[in-house]
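Residue-level listing of the chains:
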Amino acid sequence: MKAFLILEDGTVFTGTSIGSKKEIISEIVFNTSMTGYLEVLTDPSYAGQAVCMTYPLIGNYGICHEDQESLRPWPDGYIVRELSRIPSNFRCEDTIQNFLKRYDIPGIAGIDTRALTKILREKGTMNGMITTNADYKLEEVLPKLKAYTTGRVVERVTCEEKKVLKGSGPKVALMDFGAKDNIARSLNERGCQVTVYPAFTKAEEILRDDPDGIMLSNGPGDPKECTSIIEEIKKLYDSQVPIFAICLGHQLMALATGADTRKMKYGHRGGNHPVKDLETGRVYISSQNHGYMVDTDTLNPQVAVPAFENVNDKTNEGLKYTGKNIFTVQFHPEACPGPQDSGYLFDRFMKMMEVSE
Ligand SMILES: N[C@@H](CCC(=O)O)C(=O)O
């Protein structure tokens, strides 16, 4: 069956329908990772977006549930050049096709994903529609695409109840704004006892549990939509508990302490983004997935200073908080998929918790 991807600028791609036949409108973004499509699909930060994989063959090693970053796939839609019909891998338990169908996620295959990516890079991220309805009327679709906004998405992806994961070491409170499982895993591997809290938990409740450290997770959407969460993060900042934050967590901490964030032209999503540690000058290759960034012009150096910078476009990739045991990164040190270069940042967090004992 044919499917159509209609972009806000009027471009239409015709391909083959994959997954569900449902019609969706979403923000269209691209990810340049060459592998790890399952981790991308199950990364809650993609909620509210339809993701185009630029690698031309997707699905060839199938779905292995153990590799998932959360319980389900989250994108509104999925866009690929070629979908492997017969995955080959001894760990394979399912196909992308079935996986998308099971969760009612529509997609489109067989389109020129390079052409699509070039449009998004030149004009910036835009909204689009994936539909199997060949009788669509462009003049009716385009105003809908222009009017569409992602809105609040953290509430869709956060856990419902607080849960304690095994461990005997330092107690870490992990705020789940849409956390990838590998964040808790990276902490567990270092012996931490991780307690995962729903995104809207009050700071008082977290602090009452007396954590040794607080971890603010990644998550979907525009950080400025998270107004009530930002209020709680202000209180966490005022406590003396060491804090480490990733991606959305990094943006929320910046907003909570008076800095501003803004939307990037087309964001960073992929497994090979070079980031420079501004203290040592060393460059690490990082996994990234973000469409917003902290505007360093709005930083008050008495509150926070840049700690990492993207080597490609010089955008901010991390902050160190002045006089505080707090540091935050825009990239994903837990990787998955991606290079393990920056995994040492979890060790730094462990040291921060030791020092503050
Ligand atoms: N939703 C935010 C953060 C992404 C994340 O935490 O992975 C952004 O796109 O910039």
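Residues numbered from 1 in each chain as written. Predicted model: local features only at pLDDT ≥ 70, side-chain atom pairs only at ≥ 80, totals over all residues. Heavy atoms only, no water.

**Focus on a nonpolar patch on the surface**
Stage number 1. Residues Val283, Ile285 and Val311 make up a contiguous nonpolar surface patch of roughly 190 Å² in combined accessible area.
Stage number 2. In this structure, isoleucine 285 sits in strand S16 (residues 283-295).
Stage number 3. By relative accessible area, which is 33% here, isoleucine 285 ends up partly exposed. (Patch = residues over 30% accessible without salt bridge, like charges linked within 9 Å, V, L, I, M, F, W, Y side chains within 5 Å. Areas by Shrake-Rupley, 256 points an atom, 1.4 Å probe, with all protein chains shown as cover. Salt bridge = Lys/Arg side-chain N within 4 Å of Asp/Glu carboxyl O. Helix = DSSP H or I, 4+ residues; strand = E, 2+ residues; numbered from the N terminus. Buried < 20%, exposed > 50% of the residue type's maximum accessible area, 1.4 Å probe, protein only.)

**Some thoughts on the environment of cysteine 192**
Stage number 1. Residue position: cysteine 192 is located in the loop between helix H6 (181-189) and strand S12 (193-198).
Stage number 2. You can call cysteine 192 buried: its relative accessible area is 0%.
Stage number 3. The residues touching cysteine 192, leaving out its near neighbours within four places in the chain, are Lys166, Gly167, Gly169, Pro170, Val172, Leu187, Met350 and Met353. (Contact = heavy atoms within 4.5 Å.)

**Focus: the UniProt feature "domain: Carbamoyl-phosphate synthase small subunit N-terminal" (unreviewed entry) in the protein chain**
Stage number 1. Following the UniProt record, one finds the feature "domain: Carbamoyl-phosphate synthase small subunit N-terminal" (unreviewed entry) at residues 1-131.
Stage number 2. Taken end to end, residues 1-131 has its terminal C-alpha atoms 11 Å apart, with 18% of it in helix and 34% in strand. (UniProt positions renumbered as here; feature names shortened; annotations may be inferred.)

**Points about the packing of aromatic side chains**
Stage number 1. Tallying each qualifying case throughout the model produces 10 aromatic pairs.
Stage number 2. Between phenylalanine 244 and phenylalanine 349 the ring centres are 5.5 Å apart and the planes differ by 50°, which places this aromatic pair in the tilted class. With phenylalanine 244 in strand S14 (residues 243-246) and phenylalanine 349 in helix H10 (residues 344-355), this pair connects stretches of sequence that are 105 residues apart. For the pair formed by phenylalanine 244 and phenylalanine 349, the shared burial category is buried.
Stage number 3. Joined through ring pairs, the aromatic side chains of Phe244, Phe327, Phe346 and Phe349 make up one cluster.
Stage number 4. Taking NZ or CZ as reference, arginine 72 lies 4.9 Å from the ring centre of tryptophan 74, over its face.
Stage number 5. When the ring centre of tyrosine 237 is taken as origin, the NZ or CZ atom of lysine 324, which lies over that ring, is 4.6 Å away. (Phe/Tyr/Trp six-rings, centres within 6.5 Å; stacked < 30°, edge-to-face > 60°. Lys NZ or Arg CZ within 6 Å of the ring centre and 35° of its normal.)

**Re the layout of surface pockets**
The method is simple in principle: a probe with the dimensions of a water molecule rolls over the atoms, and the space it marks as empty is what remains.
Stage number 1. Its boundaries defined by the atoms lining it, the largest pocket holds a volume of some 470 Å³.
Stage number 2. In this structure, the largest pocket is lined by 22 residues; those nearest its centre are Leu71, Cys159, Lys163, Asp176 and Asp181.
Stage number 3. Residue assignment for the lining of the largest pocket shows that the elements contributing at least two residues are helix H5 (154-157), strand S11 (171-176) and H6.
Stage number 4. In terms of residue count, the dominant contributor to the lining of the largest pocket is H6 (four residues). (1 Å grid on protein atoms, 1.4 Å probe; cavity = no way out; pocket = protein on both sides within 12 Å on 5 of 7 lines; lining within 4 Å. Points joined across faces, edges and corners; volume = space filled by probe spheres on them.)

**So, the pattern of salt bridges**
Stage number 1. Counted under the stated rule, the structure contains 18 salt bridges.
Stage number 2. In this structure, lysine 263 and glutamate 27 form a salt bridge, with 2.4 Å as the shortest nitrogen-oxygen distance. You can see lysine 263 sitting in strand S15 (residues 260-277) and its partner glutamate 27 sitting in strand S3 (residues 24-31), a full 236 residues away along the chain.
Stage number 3. Since its relative accessible area comes to 41%, lysine 263 is described here as partly exposed.
Stage number 4. A salt bridge links lysine 234 to glutamate 231; the shortest N-O distance between them is 3.1 Å. In this pair, lysine 234 and glutamate 231 both sit in helix H8 (residues 227-238), three residues apart, roughly one turn of the helix.
Stage number 5. On the basis of relative accessible area, lysine 234 is assigned to the partly exposed category, the value being 33%.
Stage number 6. Exposure remark for glutamate 231: the relative accessible area of 40% places this residue in the partly exposed category.
Stage number 7. Through salt bridges with shared partners, one network takes in Lys202, Glu204, Glu232 and Lys235.

**A closer look at the site of the ligand**
Stage number 1. In the region of the ligand, 13 residues are neighbours, and Ser45, Gly219, Gly221, Leu248 and Gly291 sit closest.
Stage number 2. Residue leucine 248 places a main-chain N or O atom 2.8 Å away from an oxygen atom belonging to the ligand.
Stage number 3. One of the side-chain nitrogen or oxygen atoms of histidine 332 is found 3.4 Å away from an oxygen atom of the ligand.
Stage number 4. About the coverage of the ligand: the protein hides 98% of its 300 Å² of free accessible area.
Stage number 5. Of the pockets mapped on this structure, the ligand occupies the second largest pocket.
Stage number 6. Of all the elements in the fold, those that place two or more residues in the shell around the ligand are helix H9 (248-256) and S16.
Stage number 7. The dominant element in the shell around the ligand, judged by the number of residues it contributes, is S16, at four residues.
Stage number 8. A breakdown of the residues in the shell around the ligand according to their chemical character gives four nonpolar, nine polar and no charged. (Near = heavy atom within 4 Å. Polar contact = N/O pair within 3.5 Å; in protein donor to acceptor, adjacent residues only side chain to side chain. Sits in = over half its atoms within 2 Å of the grid points. Nonpolar A, V, L, I, M, F, W, Y, C, P; charged D, E, K, R; others polar.)

**Some details on the UniProt feature "binding site: L-glutamine" (unreviewed entry) in the protein chain**
Stage number 1. The UniProt record annotates "binding site: L-glutamine" (unreviewed entry) at Ser45, Gly219, Gly221, Leu248, Gln251, Asn289, Gly291 and Tyr292. The named residues occupy 248 residues along the chain; their greatest pairwise C-alpha distance, 13.2 Å, places them in one compact cluster. The subset of the named residues that lines the second largest pocket consists of Ser45, Gly219, Gly221, Leu248, Gln251, Asn289, Gly291 and Tyr292.
Stage number 2. As for its position among the elements, serine 45 is in the loop between helix H1 (37-41) and strand S4 (49-53).

**Let's talk about the sheet that holds strand S8 (residues 106-109)**
Stage number 1. Strand order in the closed barrel formed by seven strands is S1-S2-S8-S6-S4-S3-S9, with mixed pairing between adjacent strands. Taken pair by pair, the neighbouring strands of this sheet meet at an average axis angle of 35°, ignoring direction.
Stage number 2. Two elements, S3 and S4, share five bridges in a ladder whose sense is parallel. Paired with valine 29 across the two strands is valine 51, which belongs to S4.
Stage number 3. Running over the sheet, helix H3 (residues 113-123) touches strand S1 (2-7), strand S2 (12-19), S3, S4, strand S6 (77-79) and strand S9 (126-131) and is turned about 95° from S3.
Stage number 4. Strands in contact with helix H4 (residues 138-147) are S1, S2, S3 and S9; relative to S1, the strand with the most contacts, it is inclined by about 55°. (Pairing = 2+ DSSP bridges. Axes fitted to C-alpha atoms, helices over the stretch in contact; angles between N-to-C directions.)

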